[in-house]
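# Per-entry structural report
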Amino acid sequence: MTRHALSERLLLCDELDRLGPDAPTMCEGWATRDLAAHLYVREHRPDLAAGTLLPFLSGRLEREQRRLAHGDHAALVQRVRGGAPAWNPMALPKVDELANLVEYFVHHEDVRRAQPDWRPRDLDPRLQAALWSALRRTARLMFRRSATGIVLIAEGHGRYAAKLPDEHGTVVLRGTPAELVLYAYGRKSVARVELEGDADDIAALQDAELGLG
């Protein structure tokens, strides 16, 4: 099987090594050191990662993630590069692809697009297809807070009705699967997506909080 998640992981780690621990990212309040710590905790410390869902554990998560972020950056990145430990189901290639493709693609772009000289990548069509499949699985969750209807159109890949209209009409989003994924996961300011619809509806979508947060 093609392992796009692994490729994005390795490319992201190359960027983290190249930029060092203090470079900006598109994740608000996080430098590259914080992003590396988040990725490590997600796969290696489920006892801490639970703090993203359980408020009473959030303080412990933040303290430990901060400690990791301010440790040896190169060693931390190397641990992320090595993937999930054997006891974690994400160590299995098929699970890794399912669980980590979007995670590592989006965070790779979080690092790339926070730099002043970034340019869009010319992505493999197979990666675009995989991102489109992943987006169709999660789009309703990502756009759940939008008051507008959402139709996603990726030329050459198809269209998907992600949400019925609520308080507003429908907005059509056009772009490559990669750019639509970035928009859906809240990276609106850097996602190269065309929005079509009534101006008030587009404004409502732009104001909506998207993604998992």
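Throughout what follows, the structure given in this document is the object of discussion. (Residues numbered from 1 in each chain as written. Predicted model: local features only at pLDDT ≥ 70, side-chain atom pairs only at ≥ 80, totals over all residues. Heavy atoms only, no water.)

As a further point, take the packing of aromatic side chains. By the definition in use, this model includes zero aromatic pairs. The ring centre of Y40 lies 5.8 Å from the NZ or CZ of R79, which sits over that ring. (Phe/Tyr/Trp six-rings, centres within 6.5 Å; stacked < 30°, edge-to-face > 60°. Lys NZ or Arg CZ within 6 Å of the ring centre and 35° of its normal.)

Once that is clear, we can look at the packing of helix α2 (residues 32–44) against helix α5 (residues 73–81). With their axes 9 Å apart at the nearest point, α2 and α5 run at an angle of 40° to one another. On the basis of their axis angle, the class for α2 and α5 is oblique. Crossing geometry of α2 relative to α5 is assigned as left-handed. The residues of α5 that touch α2, namely those facing T32, R33, A36, A37, L39, Y40 and H44, are H73, L76, V77, R79 and V80. Of the residues assigned to the contact of α2 with α5, the class counts are seven nonpolar, three polar and two charged. (Axes fitted to C-alpha atoms, helices over the stretch in contact; angles between N-to-C directions. Helix = DSSP H or I, 4+ residues; strand = E, 2+ residues; numbered from the N terminus. Parallel < 35°, antiparallel > 145°, perpendicular 65-115°, else oblique. Left-handed = near helix turned anticlockwise from the far one by under 90°. Contact = heavy atoms within 4.5 Å. Nonpolar A, V, L, I, M, F, W, Y, C, P; charged D, E, K, R; others polar.)

Looking now at the pairing of strand β2 (residues 158–163). Here strand β1 (residues 149–154) pairs with β2 via five bridges, running antiparallel. The residue of β2 that forms the bridge with A154 is G158. (Pairing = 2+ DSSP bridges.)

Before going further, it helps to spend a moment on the layout of surface pockets. The computed volume of the second largest pocket comes to approximately 150 Å³. Together, G29, W30, D34, L61, E62, Q65, R66 and A69 line the second largest pocket. With five residues, the top contributor of residues to the lining of the second largest pocket is helix α4 (residues 55–69). (1 Å grid on protein atoms, 1.4 Å probe; cavity = no way out; pocket = protein on both sides within 12 Å on 5 of 7 lines; lining within 4 Å. Points joined across faces, edges and corners; volume = space filled by probe spheres on them.)

All right, on to the pattern of salt bridges then. This model, assessed by the stated rule, comprises 18 salt bridges. Of the charged contacts in the structure, one is a salt bridge between E15 and R18, with a shortest N-O distance of 3.0 Å. Separated by three residues within a single helix, E15 and R18 lie in helix α1 (residues 4–19), roughly one turn from each other. For the salt bridge of R113 with E179, the shortest nitrogen-to-oxygen distance reads 2.8 Å. With R113 in the loop between α6 (93–112) and α7 (125–142) and E179 in helix α8 (residues 177–184), the pair connects residues that are 66 residues apart, well separated along the chain. You can call R113 buried: its relative accessible area is 5%. Overlapping salt bridges bring together E8, E109, R112, R113, R121 and E179 as one network. (Salt bridge = Lys/Arg side-chain N within 4 Å of Asp/Glu carboxyl O. Buried < 20%, exposed > 50% of the residue type's maximum accessible area, 1.4 Å probe, protein only.)

What follows is about the sheet that holds β2. One open sheet holds the four strands; their spatial order is β2-β1-β3-β4, and the pairing between them is mixed. Looking at which strands have only one partner, the edges of the open sheet turn out to be β2 and β4 (194–196). Here the strands of the sheet are splayed against their neighbours by 20° on average, with no regard to which way each runs. Bridge count for β1 against strand β3 (residues 170–174) is five bridges, and the pairing is parallel. Of the residues in β3, the one forming a bridge with G149 is T170. Against the sheet, α7 engages β1 and β2, with an angle of about 20° to β2. Here α8 sits on the sheet in contact with β1, β3 and β4, set at roughly 155° to β1.

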